[in-house]
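Architecture at a glance
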Amino acid sequence: MNLFAFNIVLAVVWAALTASFTLTSLLVGFVLGFVALWLAQPLFEQPQSYFLRVWRILRLTGFFLYELIVSSVRVAWDVVTPKHRSNPAIVEMPLDVESDLEILLVTNLISLTPGTLSLDVTPDRKTLIVHAMFADDPEALVRELKGGMERMVREVFE
């Protein structure tokens, strides 16, 4: 059984022991199970990849939430102020991710961030077409997207 499945089982066992099958109880059980598995690392073969992947998923989630808040404030500020600072453009972003799941995650994270929208992926799956509300410097925007969202998604799936 892989460690993620075992961690889920530990979360369900925790919820059963506390007689509370709520989302909060399951999350607490997952965290406690994660800590227990982390402490028991010497008992498992190759456990580092699971703990590294969980860390990278949490880091991607935190990065996305930060970007979501910053871009929401930026778009809202542009809407409520009399002077509009937006400079919309359509840019092409070369993709380093290869699998369908990685491409899907990158495009959805970009689209969920206010001010950017994934329009299309070229048929060869090498380029993502993005509409950006604030594209004063298209090259800098592409560097920012590749160095942020795409890099972190790639790290999660390594």
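Structure report, in brief. Along each chain, residue indices are assigned from 1 in the same order as the chain's sequence is written. In view of the model being predicted, local features appear only for residues whose pLDDT reaches at least 70, and side-chain atom pairs are presented and counted only at 80 or more, with totals across whole chains, interfaces and linings using the full set of residues. As a convention, hydrogens and water are excluded, and side-chain values are obtained from all of the structure's heavy atoms.

1. Some details on the packing of helix α3 (residues 48–80) against helix α4 (residues 100–112)
Interaxial distance between α3 and α4 falls to 10 Å at its minimum, and their mutual angle equals 30°. Of the possible angle classes, the one that applies to α3 and α4 is roughly parallel. Contacts from L60, F64 and L68 in α3 reach L105, L109 and L112 in α4. Angles shown run from 0 to 180 degrees and are taken between the N-to-C directions of axes, each axis being a line fitted to C-alpha atoms and, for helices, limited to the stretch in contact. Helix numbers and strand numbers start at the N terminus; a helix is a DSSP run of H or I with at least 4 residues, a strand a run of E with at least 2. Note that the term roughly parallel is reserved for angles under 35 degrees, roughly antiparallel for angles over 145, roughly perpendicular for angles of 65 to 115, and oblique for everything else. Note on contacts: a residue pair is in contact if any heavy atoms of the two residues lie within 4.5 Å.

2. Quick notes on the packing of aromatic side chains
Stacked, tilted and edge-to-face pairs are distinguished by plane angle, under 30 degrees for stacked and over 60 for edge-to-face with tilted covering the rest, among Phe, Tyr and Trp rings (Trp via its six-membered ring) whose centres lie within 6.5 Å. Applying the stated criterion across every chain yields a total of four aromatic pairs. Ring centres 6.2 Å apart and planes at 65° place the aromatic pair F4 and F30 in the edge-to-face group. Taken as a pair, F4 in helix α1 (residues 3–18) and F30 in helix α2 (residues 23–39) lie far apart in primary sequence, 26 residues in all. Arranged with centres 6.0 Å apart and planes meeting at 50°, the rings of F34 and Y50 form a pair that is tilted. With a gap of 16 residues between them, F34 in helix α2 and Y50 in helix α3 connect regions that are remote in the sequence. Only protein chains enter the accessibility calculation, which uses a 1.4 Å probe. A residue is then buried if its area is under 20% of the maximum for its type, exposed if over 50%, and partly exposed in between. The class of F34 is partly exposed, set by a relative accessible area of 21%. Following the ring pairs from residue to residue traces out a cluster consisting of F34, Y50 and F51. Here the basic side chain of R74 rests over the ring of F134, its NZ or CZ set 4.0 Å away from the ring centre. Any Lys NZ or Arg CZ found within 6 Å of a ring centre and within 35 degrees of that ring's normal is scored as a charge over the ring.

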